[in-house]
Amino acid sequence: MSLHHCPPAQEIRSVDQSLRSSPSALLPGYASQLAYTPVGPPVLKHWCVWVQPPRDGLPDRWEQRWLDRVEAGLDAWSSLVSMTRVSDPERAHVRVERRRPPLRRFAQGWRASNGRTLLQTLEVRREGAWRLEPRLTVLISPGLRAPVLQATALHELGHAFGLWGHSDQASDAMAVHQGRQPVLRLSSRDRDTLRWLLEQPTQFGTERTPTP
């Protein structure tokens with residue numbers, strides 16, 4: 001794919017489109033567990049993806065391991081998701097960063113996590129046209145064992161590409177709790193759920209008049 005899919009942003013405005021759950025029965029996979037915005041799921045027909053490069057140009061051993069496992073996660077989703085890789089994060093909808101997520105507070109106290117995906121909803125002007133776009137920041141900790149790193153990348157990228165929810169089956173990449181072995185491949189339920197999601201109506205990616 002050429003970079004014409006990923007023109008630079010000329011202007012950006014933040015808008016409030018919070019995720020909300022919408023439980024339904026008899027949907028494929030774990031689609032009934034997903035959350036959406038009021039204007040549809042935060043998905044695009046084509047994604048522009050930036051992955052944080054090595055600090056000094058040539059990766060050291062640990063940076064290369066992180067890059068390899070993130071690439072494996074992207075490769076897995078690329079059979080379902082159209083994407084262009086970009087070298088400029090300002091052109092990207094999805095930004096994958098090599099850093100440990102901040103601690104998250106639960107009732108039992110503060111807890112660390114291997115990865116986290118943060119969603120912003122933006123009105124973006126590109127090539128003179130305004131569109132509603134999701135911007136995802138994917139944080140993947142570098143200090144993980146290689147299989148866990150890959151499973152984390154696979155899971156967090158699933159959120160980035162629109163799967164805002166979790167499966168209750170440990171064999172799925174989007175399981176809320178995976179089994180004893182990290183899940184390194186998409187299951188049929190992962191695939192069915194995302195295929196269904198991409199068929200749902202959404203205002204993301206469509207031209208619009210910006211909010212005053």
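Residues numbered from 1 in each chain as written. Predicted model: local features only at pLDDT ≥ 70, side-chain atom pairs only at ≥ 80, totals over all residues. Heavy atoms only, no water.

Turning to the overall build of the chain, a few remarks are in order. Counting secondary structure elements, the chain contains three helices and 10 strands. Secondary structure elements of the chain, listed N to C terminal, follow the sequence β-β-β-β-α-β-β-β-β-β-β-α-α. By the compact-globule yardstick of 17 Å for 212 residues, the chain fits well, its C-alpha radius of gyration being 17 Å. With respect to the three principal axes, the spread of C-alpha positions in the chain is 50 × 50 × 35 Å. Here the chain holds 212 residues, and 47% of them are scored as buried. In the chain, 70% of the contacts between residues at least 6 apart in sequence involve partners at least 24 apart. Summing over all exposed atoms, the chain offers an accessible surface of approximately 11,300 Å²; the carbon and sulfur share of this is 49%. Within the chain, the 21 negative side-chain charges are centred at a point lying 5 Å from the centre of the 28 positive side-chain charges. (Helix = DSSP H or I, 4+ residues; strand = E, 2+ residues; numbered from the N terminus. Rg over C-alpha atoms; globule rule 2.2 N^0.38 Å. Buried < 20%, exposed > 50% of the residue type's maximum accessible area, 1.4 Å probe, protein only. Contact = heavy atoms within 4.5 Å. Areas by Shrake-Rupley, 256 points an atom, 1.4 Å probe, with all protein chains shown as cover. Lys, Arg positive; Asp, Glu negative; His and termini not counted. Charge placed at Lys NZ, Arg CZ, Asp CG, Glu CD.)

This next bit is on the state of the cysteines. On inspection of all chains with the given rule, the structure shows one disulfide. Disulfide pairing places Cys-6 opposite Cys-48 at an S-S distance of 2.0 Å. Taking the torsion about the S-S bond as the criterion, the Cys-6 to Cys-48 disulfide, at about -95°, is left-handed. Of the two residues, Cys-6 sits in the segment before strand E1 (11–14) while Cys-48 sits in strand E4 (residues 47–51), which places them 42 residues apart along the sequence. Each member of the pair Cys-6 and Cys-48 is classed as buried. (Disulfide = S-S within 2.5 Å.)

Once that is clear, we can look at the environment of Asp-88. Considering the arrangement of structural elements, one finds Asp-88 in the loop between strand E5 (83–85) and strand E6 (94–98). Sequence separation between Asp-88 and Pro-102 is 14 residues, and the spatial gap between their C-alpha atoms is 25 Å. One polar contact links the side chain of Asp-88 to the main-chain amide nitrogen of Glu-90, over a distance of 2.9 Å. (Polar contact = N/O pair within 3.5 Å; in protein donor to acceptor, adjacent residues only side chain to side chain.)

Here we take up the sheet that holds E1. Read from one edge of the open sheet, six strands run E1-E9-E10-E6-E4-E5, paired in mixed fashion. Two strands lie at the open edges of the sheet, namely E1 and E5, each paired on one side alone. When the angles between neighbouring strand axes are averaged without regard to direction, this sheet yields 30°. Here strand E9 (residues 115–126) pairs with strand E10 (residues 129–140) via 12 bridges, running antiparallel. Along E10, the bridge assignment pairs Arg-116 with Leu-139. (Pairing = 2+ DSSP bridges. Axes fitted to C-alpha atoms, helices over the stretch in contact; angles between N-to-C directions.)

By the element assignment, Thr-211 lies in the segment after helix H3 (188–198). For Thr-211, a relative accessible area of 37% translates into the label partly exposed. Placed 32 residues apart in sequence, Thr-211 and Gly-179 show a C-alpha to C-alpha distance of 45 Å. Setting aside residues no more than four positions away along its own chain, Thr-211 makes contact with Arg-13, Val-15 and Glu-123.

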